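Given next are the chains, with one letter for each unit.
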Amino acid sequence: MTRVPRGYIARRRRTKMRSFASNFRGAHLRLNRMIIQQVRRAFVSSHRDRGRQKRDFRRLWITRINAATRKELILNRKMLAQVAVSNPNNLYTISNKIKTID
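Residues numbered from 1 in each chain as written. Predicted model: local features only at pLDDT ≥ 70, side-chain atom pairs only at ≥ 80, totals over all residues. Heavy atoms only, no water.

In the annotation of an unreviewed UniProt entry, the entry for the protein reads Large ribosomal subunit protein bL20c, and the organism field reads Digitaria exilis. For the protein, the Sequence similarities (unreviewed entry) comment in UniProt is given as "Belongs to the bacterial ribosomal protein bL20 family." (UniProt positions renumbered as here; feature names shortened; annotations may be inferred.)

Pasting the structure below:
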């Protein structure tokens, strides 16, 4: 049987995956099967860590607010949420004050 040249679709798919793996090292950059596995793993990790990042920042903000309220500010998270809705500029000055306290 003669060899049938394949179309460009599979090559385009592999090239797309290879572009996602451009910063990987070793076999993770060179071998197609390894590229697919590592890119999928990276996408799963990035999706998971976006939610984790939101949780971590929320914990950090709550900790900073609690530290500030113990020192001199008399605000809790609900009050700050109300300030954020009603007047964002005041929230910005409050957050700067909290940063200087830390």
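The structure having been displayed, the exposition proceeds.
Draft legend 1. Molecular detail of the pattern of salt bridges. Applying the stated criterion to the full structure yields 2 salt bridges. Taking the shortest distance from any N to any O, the salt bridge between Arg 48 and Asp 49 comes out at 3.2 Å. For Arg 48, a relative accessible area of 42% puts it in the partly exposed group. We note a salt bridge from Asp 49 to Arg 52, for which the minimum N-O separation is 3.8 Å. With Asp 49 and Arg 52 both in helix 3 (residues 32-71) and 3 residues apart, the pair spans about one turn of that helix. Exposure remark for Asp 49: the relative accessible area of 31% places this residue in the partly exposed category. (Salt bridge = Lys/Arg side-chain N within 4 Å of Asp/Glu carboxyl O. Buried < 20%, exposed > 50% of the residue type's maximum accessible area, 1.4 Å probe, protein only. Helix = DSSP H or I, 4+ residues; strand = E, 2+ residues; numbered from the N terminus.)

Draft legend 2. Focus on the packing of aromatic side chains. Across all of its chains, the model carries 1 aromatic pair by this definition. Measuring from ring centre to ring centre gives 5.1 Å for Phe 20 and Phe 43, while their planes differ by 80°; the resulting arrangement is edge-to-face. One end of the pair, Phe 20, is in helix 1 (residues 9-20); the other, Phe 43, is in helix 3, and 23 residues separate them in sequence. (Phe/Tyr/Trp six-rings, centres within 6.5 Å; stacked < 30°, edge-to-face > 60°.)

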